[in-house]
Amino acid sequence: MLDQGAPPQQRIPRATGLGARLMRRKPVERLVAEGGQGEGGALRRSLGLWQLTMISIGATLGTGIFVVLGEAVPKAGPAVTLSFVIAGLTALFSALSYAELAGTIPVAGSSYSYAYATMGELIAWICGWCLVLEYGVSVAAVAVGWGEYLNELLDGTVGVTIPDALSAPPGDGGVFNLPALIVVLLAMAFLLGGARESARANTVMVVVKMAALVLFCAIGVQGFRSGNYEHFMPLGMAGVSAAGATLFFSYIGFDAASTAGEEAKDAQRDLPRAIMLSLVIVTALYVLVAAVAVGAKPWQHFNDSEAALAQIMREVTGQSFWGTLLAFCAVIAIASVVLTVLYGQTRILFAMSRDGLVPKVFARVHPKTGAPRANTVIVSLFCGVLAAAIPLGQLADATSIGTLFAFALVNIAVVVLRRTRPDMPRTFRVPLSPVFPALGFGFCVWMMGSLSTVTWVVFGVWMAVGLVFYFVYGHRRSRLATPES
């Protein structure tokens, strides 16, 4: 029996057995036709290539440099620059797959929707659940680092800092990380105004942080000491790999543009361009800044600092002004990461809700702003509390494993869609397919293997919870399982 309410190319055979129901796929034509439609309203198409690129850069640039660099250097030493390159290459192969699928299936669900069209509902759910981990937890992780730079700024301007009890989570010497909660709530306020308004604010913040990183390089290079590179790989390739796995967390932003597929003016043309352009810009800046930072400060002295760049500026110049200026720019820069990643999280849940796999509240769209308001508030409060209660290192690694798993699935999806729908128009094609997607998949699996046992345990528990939720709720309420679908 076929769906009778949909055009022929969108109809789905009724699956009877459990295995068939778990593998049911959503036609690409149907995914695209439903684009933008939510409960009570529709998302607005208002974003061009410039805004989409800024969303990707906003979600990416800043996290690895302003926040996680201090976590990664003690793992790899001066070879942290190589770790950035390895993480960037891993991201590049996956970005090629994202670019092809984003141009072919320009919808809000990102890799969740790509998996739904190619590998079936269960795999799509697993991918979507990984994206919830990837985006939601990374918002919290970046918010933690924002508080560190806020303290640097306050110390350099008014000579006071927020007490540890209110600026660090339990386990890091604090009780509640209030600044982390505040920045998430500020991002929520922007998002409630709509995608266009949020994109404008993000563009301003992206320009500020790019200027700040160029300024850091210009000043930091004056303190460059070649001796800091004498023992380039003190902890071996294992250290480089471990740092790369952690730093991969900072590359998740390039796929943020793909979550804006239903709010882009010309999604099929602009999404692939925005994804590739943002990744090139971000990788170049990451490697350059990391090279200058390690050259200006011995790797043994980073000590897991989450405000490393501001400290280097102060040490090189001997003046507090430059470190304070960088801290100010970092406060703005990291806020843009929180804003754009939080945006991506809400759009992924929007797509999953429209498909019936999570509650309908996440697909409700406010008619005046064209934004999913309830979705935004719920996600923001969850991420804000998470940021206030959990240390940065644990958050970053948990985000990395969710990201890598989702990216691995995207590399599979692009090959599957090439074989099952070779006739579909594609505005971008992965070169040397299936070789490049296979390399992207291999890199993701390799970097996942570099993460700690604790991270794998957390990931396993997260996936178990997700599967329970799917079989109790999503599997039964899926729109593909209901007669009206």
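None of these values were measured; they are calculated from a predicted model.

Calculation criteria
Residues numbered from 1 in each chain as written. Predicted model: local features only at pLDDT ≥ 70, side-chain atom pairs only at ≥ 80, totals over all residues. Heavy atoms only, no water. 1 Å grid on protein atoms, 1.4 Å probe; cavity = no way out; pocket = protein on both sides within 12 Å on 5 of 7 lines; lining within 4 Å. Points joined across faces, edges and corners; volume = space filled by probe spheres on them. Helix = DSSP H or I, 4+ residues; strand = E, 2+ residues; numbered from the N terminus. Nonpolar A, V, L, I, M, F, W, Y, C, P; charged D, E, K, R; others polar. Axes fitted to C-alpha atoms, helices over the stretch in contact; angles between N-to-C directions. Left-handed = near helix turned anticlockwise from the far one by under 90°. Contact = heavy atoms within 4.5 Å. Buried < 20%, exposed > 50% of the residue type's maximum accessible area, 1.4 Å probe, protein only. Polar contact = N/O pair within 3.5 Å; in protein donor to acceptor, adjacent residues only side chain to side chain. Core = buried A, V, L, I, M, F, W, Y, C linked by side-chain atoms within 4.5 Å.

In total, this model carries two cavities of 30 Å³ or more according to the counting rule given. Here the largest cavity is characterised by a volume of approximately 60 Å³. Every residue lining the largest cavity is listed: I55, L191, A195, S198, A199, N202, L339, T340 and Y343. Of all the secondary-structure elements, those providing two or more residues to the lining of the largest cavity are helix 10 (195-220) and helix 14 (320-354). Computed from the structure, the second largest cavity encloses a volume of approximately 30 Å³. Per-class residue counts for the lining of the second largest cavity are two nonpolar, one polar and four charged.

What follows concerns the packing of helix 7 (residues 121-157) against helix 9 (residues 178-192). Helix-helix packing is characterised by the crossing angle of the two axes and by the distance between the axes. It is the contact of helix 7 with helix 9, at a shortest axis distance of 8 Å, that shows an interaxial angle of 115°. In this structure, helix 7 meets helix 9 at a crossing whose hand is right-handed. Residues V139, A143, V144, W146, G147 and L150 of helix 7 pack against P179, A180, V183 and V184 of helix 9.

Another aspect to go through is the environment of T60. Inspection of the secondary structure assignment puts T60 in helix 3 (residues 49-60). The class of T60 is buried, set by a relative accessible area of 2%. Taking the C-alpha atoms as reference, T60 lies 7.1 Å from V282; in sequence the two are 222 residues apart. If near-sequence neighbours (up to four positions away) are discounted, T60 is found in contact with S250, Y251, I252, G253, F254, V282 and Y286. Of note is the side chain of T60, whose polar atom sits 2.7 Å from the backbone oxygen of S56.

Here we come to the environment of G103. Within the secondary structure layout, G103 lies in helix 5 (residues 80-104). Judged by relative accessible area, which is 0%, G103 ranks as buried. Spatially, the C-alpha atom of G103 lies 42 Å from that of S167, the residues being 64 residues apart in sequence. Not counting chain neighbours up to four residues away, the residues in contact with G103 comprise Q268, P272 and T427.

Another point: the nonpolar core. By size, the foremost hydrophobic cluster in this structure holds 151 residues, and its most contacted members are F66, L69, V80, F84, Y149, F216 and L309. For this core, the leading source of residues is helix 7, giving 21 residues.

Moving on, we come to the side chain of S278. As for its placement among the helices and strands, S278 is situated in helix 12 (residues 267-296). We classify S278 as buried; its relative accessible area is 1%. A polar contact of 3.0 Å, which involves the side chain of S278, links it to the backbone oxygen of I275.

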